[in-house]
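# Structural overview for review
Here's the letter readout for the chains.
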Amino acid sequence: MNPPDVPRIVMPPADAITQAAERLAAGELVAFPTETVYGLGGDAENPAAVAAIYAAKGRPANHPVIVHFSPDGDPGYWSDDVTPAARKLMDAFWPGPLTLILKRAPHIPDAVSGGQDSVGLRCPSHPVAQALLREFERIKGGQGGVAAPSANRFGQVSPTAAQHVRDEFAGLPGVSVHVLDGGEAAVGIESTIVDLSRGFPALLRPGHITPAQIAEVLGQMPRLPGQDNDAPRASGTLKAHYAPRTPLYLCDAGQFAAALAVHPAGERVAVVAFAPTLATLPAAIAASDDVVKIVLPATPAALATDLYAMLRRLDRANVTHILFERLPDTPEWAAVGDRLGRAAAAFERA
């Protein structure tokens, strides 16, 4: 159950990238790596391809997706209101793990925005994503965007490796996904989403790029989640999301001993906690074969990189449930804490 080493990037041969781009142009689905997670891609201007994304994921039709394009792409093609604030954030953070919500240009199908008048735009930094997007734009003869939510079934754990995608969609009737293997995602959690479609910046989803970094560029702090009741719908913002198949519950550091003392004999339970917390477990519990102990990384970046892969490993570990230490309530831990809180929300008792 040890975490993997530093994420590796694999550059596929040029013909593999061309083949993947040709599949996109033909309306097929292609899963590809970004620096955050693997995306399930389809031609953003092909409503049938976008509908196929929704069908493969089991995603609600009103839940928007994000359009990805290369550094050569023109955001003005996708939005008729690329504001000065948007340009500042693009200059500061693109290519990179930042999605901007802007007003959607009239010729862009509303399928990508869940019927809203806005569109989410992102320019990823992963070299495989950039190569694929450039080749897709070449085939399209100019502007070409790929709609790509995370390449997993809706509400489940996002994939950070090609095998995760293969496992996710294997055997699903009527679903065909070509997987472009580019190695492992380095950031490990989805992009920061900032809405600029209403005249002020608003953080809709926390991520690797922090509110403080956004404020430094814009000269004002974005509205934070919970401060904005009229925000547009955005990817990954439902209360329950990013959930493993194994029930997951959050525990404060002092709750583990009591929780473990009452779990039935013979049932294996996973405890994911910081090293000081694990050191306080009673000796009998700590030594039990029924308790799978995992030490949390000490930094939020390290945990973000391994979180989803860890949850997938635990789904294969034959445990009945996962007790996960609640993360510090500080800005540094906000993004990964957001993902973990939504994963746990899927198992909240009514």
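Residues numbered from 1 in each chain as written. Predicted model: local features only at pLDDT ≥ 70, side-chain atom pairs only at ≥ 80, totals over all residues. Heavy atoms only, no water.

On to the overall build of the protein, then. When its secondary structure is counted, the protein shows 12 helices and 13 strands. In terms of overall dimensions, the protein has C-alpha extents of about 65 × 45 × 35 Å along its principal axes. Across the 350 residues that make up the protein, the buried fraction comes to 54%. Within the protein, contacts between residues at least 6 apart in sequence are counted, and of these 71% link residues at least 24 apart. On the protein, roughly 14,300 Å² of surface is accessible, and the fraction owed to carbon and sulfur atoms is 53%. A distance of 3 Å separates the average location of the 29 positive side-chain charges in the protein from that of its 36 negative side-chain charges. (Helix = DSSP H or I, 4+ residues; strand = E, 2+ residues; numbered from the N terminus. Buried < 20%, exposed > 50% of the residue type's maximum accessible area, 1.4 Å probe, protein only. Contact = heavy atoms within 4.5 Å. Areas by Shrake-Rupley, 256 points an atom, 1.4 Å probe, with all protein chains shown as cover. Lys, Arg positive; Asp, Glu negative; His and termini not counted. Charge placed at Lys NZ, Arg CZ, Asp CG, Glu CD.)

As a further point, take the layout of surface pockets. Approximately 560 Å³ is the volume found for the largest pocket. Together, 24 residues line the largest pocket, and Gly207, Thr210, Pro331, Glu332 and Ala335 are the ones closest to its centre. Sorting the residues of the lining of the largest pocket by element identifies helix 7 (211-218), helix 11 (300-315) and helix 12 (334-345) as the ones contributing at least two each. Taken together, the residues of the lining of the largest pocket break down into 17 nonpolar, five polar and two charged. (1 Å grid on protein atoms, 1.4 Å probe; cavity = no way out; pocket = protein on both sides within 12 Å on 5 of 7 lines; lining within 4 Å. Points joined across faces, edges and corners; volume = space filled by probe spheres on them. Nonpolar A, V, L, I, M, F, W, Y, C, P; charged D, E, K, R; others polar.)

In this section: the sheet that holds strand 8 (residues 192-195). Pairing between sheet strands relies on hydrogen bonds along the backbone, with the strands arranged either parallel or antiparallel. With mixed pairing, nine strands are arranged side by side in an open sheet as 7-1-2-6-3-5-4-8-9. Single-partner strands in this sheet number two, and they are strand 7 (177-179) and strand 9 (202-205). Inspection of the sheet shows strand 3 (residues 66-68) paired to strand 6 (residues 146-147) by two bridges, in the antiparallel sense. Within strand 6, the position partnered with His68 by the bridge is Val146. The sheet contacts of helix 2 (residues 47-57) involve strand 1 (29-33), strand 2 (38-43) and strand 6, and relative to strand 2 the element is tilted by about 145°. (Pairing = 2+ DSSP bridges. Axes fitted to C-alpha atoms, helices over the stretch in contact; angles between N-to-C directions.)

With that settled, consider helix 11. Taking 1.5 Å of rise per residue, 16 residues should cover 22 Å, and helix 11 covers 22 Å from first to last C-alpha, within 8% of that figure. Along helix 11, the largest kink reaches about 45° and is centred on Leu307. All of the buried residues in helix 11 are Leu303, Ala304, Asp306, Leu307, Tyr308, Ala309, Met310, Leu311, Arg312, Arg313 and Leu314. Packed against the buried residues of helix 11 are helix 6 (162-169), strand 10 (248-251), strand 11 (269-273), strand 12 (291-295), strand 13 (321-325) and helix 12. (Expected span 1.5 Å × (residues − 1). Bend = angle between axes of the 7 residues up to and from the residue.)

Right, let's get into the environment of Leu204. Assignment of secondary structure puts Leu204 in strand 9. The buried category is assigned to Leu204, whose relative accessible area is 9%. Taking the C-alpha atoms as reference, Leu204 lies 7.0 Å from Ala234; in sequence the two are 30 residues apart.

Another point: the UniProt feature "domain: YrdC-like" (unreviewed entry) in the protein. This chain's UniProt record puts "domain: YrdC-like" (unreviewed entry) on residues 14-209. Between the first and last C-alpha atoms of residues 14-209 the distance is 31 Å; the span itself is 30% helix and 19% strand. (UniProt positions renumbered as here; feature names shortened; annotations may be inferred.)

Take the nonpolar core next. Counting residues in each nonpolar core, the largest one holds 39 residues, and the members touching the most others are Leu89, Leu100 and Val112. Counting only elements with at least two residues in this core, the list comes to strand 1, strand 2, helix 2, helix 4 (84-93), strand 4 (98-103), strand 5 (118-122), helix 6 and helix 7. If near-sequence neighbours (up to four positions away) are discounted, Leu100 is found in contact with Ala86, Leu89, Met90, Trp94, Val119, Gly120, Leu121, Val194 and Leu196. Core analysis: the next-biggest nonpolar cluster, separate from the first, contains 31 residues, Val37, Leu248, Leu327 and Val336 among them. (Core = buried A, V, L, I, M, F, W, Y, C linked by side-chain atoms within 4.5 Å.)

Time to look at empty space enclosed by the protein. This structure, assessed with the given rule, holds two cavities of 30 Å³ or more. In this structure, the largest cavity is lined by 25 residues; those nearest its centre are Ala148, Pro149, Ser150, Glu190 and Arg205. Broken down by secondary-structure element, the contributors of at least two residues to the lining of the largest cavity are strand 2 and strand 3. Broken down by class, the residue content of the lining of the largest cavity amounts to seven nonpolar, 13 polar and five charged. Looking at the second largest cavity, its volume works out to about 70 Å³. Every residue lining the second largest cavity is counted, 13 residues in all, and those nearest its centre are Pro64, Val65, Ile101, Gly120 and Arg233.

Let us look at unusual backbone geometry. Between Trp94 and the following residue, Pro95, the backbone shows a cis peptide bond with an omega angle of -10°. Even without being glycine, Tyr242 reaches a positive phi, approximately 55°. Inspection of the secondary structure puts Tyr242 in the loop between helix 7 and strand 10. Here Tyr242 falls in the buried class, since its relative accessible area comes to 2%. A positive phi angle, close to 60°, is found at Asn318, a residue other than glycine. On the basis of relative accessible area, Asn318 is assigned to the exposed category, the value being 63%.

The four strands are arranged 10-13-11-12 in an open sheet whose pairing can be described as parallel. A single partner strand is all that each edge strand has here, and the edge strands are strand 10 and strand 12. Strand after strand, the sheet turns through a mean of 20° between neighbouring axes, direction not considered. Relative to strand 13, strand 10 is paired through four bridges, and the arrangement is parallel. Of the residues in strand 13, the one forming a bridge with Cys251 is Glu325. Its contacts with the sheet place helix 12 against strand 10 and strand 13, and it is angled at close to 125° to strand 10.

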